[in-house]
Amino acid sequence: MSSESNRNLLTIGVFILTIVVAILLYVAGLINWTLIVPVVFLLLGLWFLVLGAIRMDKPAKYERSGFSTMALGLIALAVGGAWFLWSINWLYSIIVILLVVAALAIAAALKRK
């Protein structure tokens, strides 16, 4: 098996694990059932950040770059975090989205040099 197919299989396993963790948090009474999807987004965003860091070491031709994968992880974190914080106060959701957009803009500007 190639390295890419191993990563795909690993990502499927992590996705299933994030669903299990979100359901366990609901069963334990730590979150409401409406927050299962945002928790999955948050955990997958963390996984995409890890996967992006792994891809930074060995970039492959015609493949998504590590920077792009990490940006996708930040966006997933922002969506999940904003959705989660919406239940507390909508203003926190806007702050999270704006912080992630600003971080991505700064990172993209620094990357180009």
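None of these values were measured; they are calculated from a predicted model. (Residues numbered from 1 in each chain as written. Predicted model: local features only at pLDDT ≥ 70, side-chain atom pairs only at ≥ 80, totals over all residues. Heavy atoms only, no water.)

Some details on the packing of helix H2 (residues 36-57) against helix H3 (residues 66-86)
Helix packing for two helices is described by the angle between their axes and how far apart those axes are. How we decide: The convention used is that axes are lines fitted to C-alpha atoms, helices contributing only their stretch in contact, and that angles between N-to-C directions extend from 0 to 180 degrees. Think of it this way: any DSSP run of H or I at least four residues long counts as a helix, any run of E at least two long counts as a strand, and we number them from the N terminus. Angle categories are assigned with fixed cut-offs, so that under 35 degrees is roughly parallel, over 145 is roughly antiparallel, 65 to 115 is roughly perpendicular, and the rest are oblique. Two helices cross in a left-handed way if the nearer one is turned anticlockwise from the farther one by less than a right angle. They cross in a right-handed way if the turn is clockwise. Ten residue types, Ala, Val, Leu, Ile, Met, Phe, Trp, Tyr, Cys and Pro, are classed as nonpolar, four, Asp, Glu, Lys and Arg, as charged, and the remainder, Gly among them, as polar.
It is the contact of H2 with H3, at a shortest axis distance of 7 Å, that shows an interaxial angle of 165°. Taken together, the axes of H2 and H3 lie roughly antiparallel to each other. In this structure, H2 meets H3 at a crossing whose hand is left-handed. By residue class, the composition of the contact of H2 with H3 is 20 nonpolar, seven polar and one charged.

Comments concerning the nonpolar core
The test is simple: For this analysis, a nonpolar core means a set of buried residues of the types Ala, Val, Leu, Ile, Met, Phe, Trp, Tyr and Cys, connected via side-chain atoms within 4.5 Å. Note on classification: 1.4 Å probe, protein chains only; a residue is buried when its accessible area is under 20% of the maximum for its type, exposed when over 50%, partly exposed between these limits. Whether two residues are in contact is decided by their heavy atoms: any pair within 4.5 Å suffices.
Counting six residues, the largest nonpolar core consists of Ala22, Ile31, Leu35, Val39, Val40 and Leu44. Of the residues forming this core, the biggest block, three residues, is contributed by H2. If near-sequence neighbours (up to four positions away) are discounted, leucine 35 is found in contact with Trp83, Phe84 and Ser87.

Quick notes on H2
Using the following cut-off: Any helix carries an expected span of 1.5 Å times its number of residues minus one.
Helix length check: H2 (22 residues) gives 33 Å between terminal C-alpha atoms against 32 Å at 1.5 Å per residue, within 8%. Looking at H2, one finds that the buried residues are Pro38, Val39, Val40, Leu44, Gly45, Trp47, Leu51, Gly52 and Arg55.

Structural notes on the side chain of threonine 11
Here threonine 11 is to be found in helix H1 (residues 3-27). Given a relative accessible area of 19%, threonine 11 falls into the buried group. Leaving out residues up to four positions away in the same chain, threonine 11 has contacts with Trp47 and Leu51.

Focus: the environment of leucine 10
Relative to the helices and strands, leucine 10 resides in helix H1. Relative accessible area serves as the criterion here: at 45%, leucine 10 is assigned to the partly exposed category. As a C-alpha pair, leucine 10 and glycine 66 span 56 residues in sequence and 16 Å in three-dimensional space.

Considering the side chain of threonine 18
Basically, it comes down to this: Whenever two N or O atoms come within 3.5 Å, that pair is a polar contact, provided that in protein one can donate a hydrogen and the other can accept it, and provided that, for residues adjacent in sequence, both atoms are side-chain atoms.
Tracing the chain through its elements places threonine 18 in helix H1. Only 2.6 Å separates the side chain of threonine 18 from the backbone oxygen of phenylalanine 15, close enough to count as a polar contact. Leave out the neighbours within four places in its chain, and threonine 18 touches Val40, Leu43 and Leu44.

Just distances and angles here, no functional claims.
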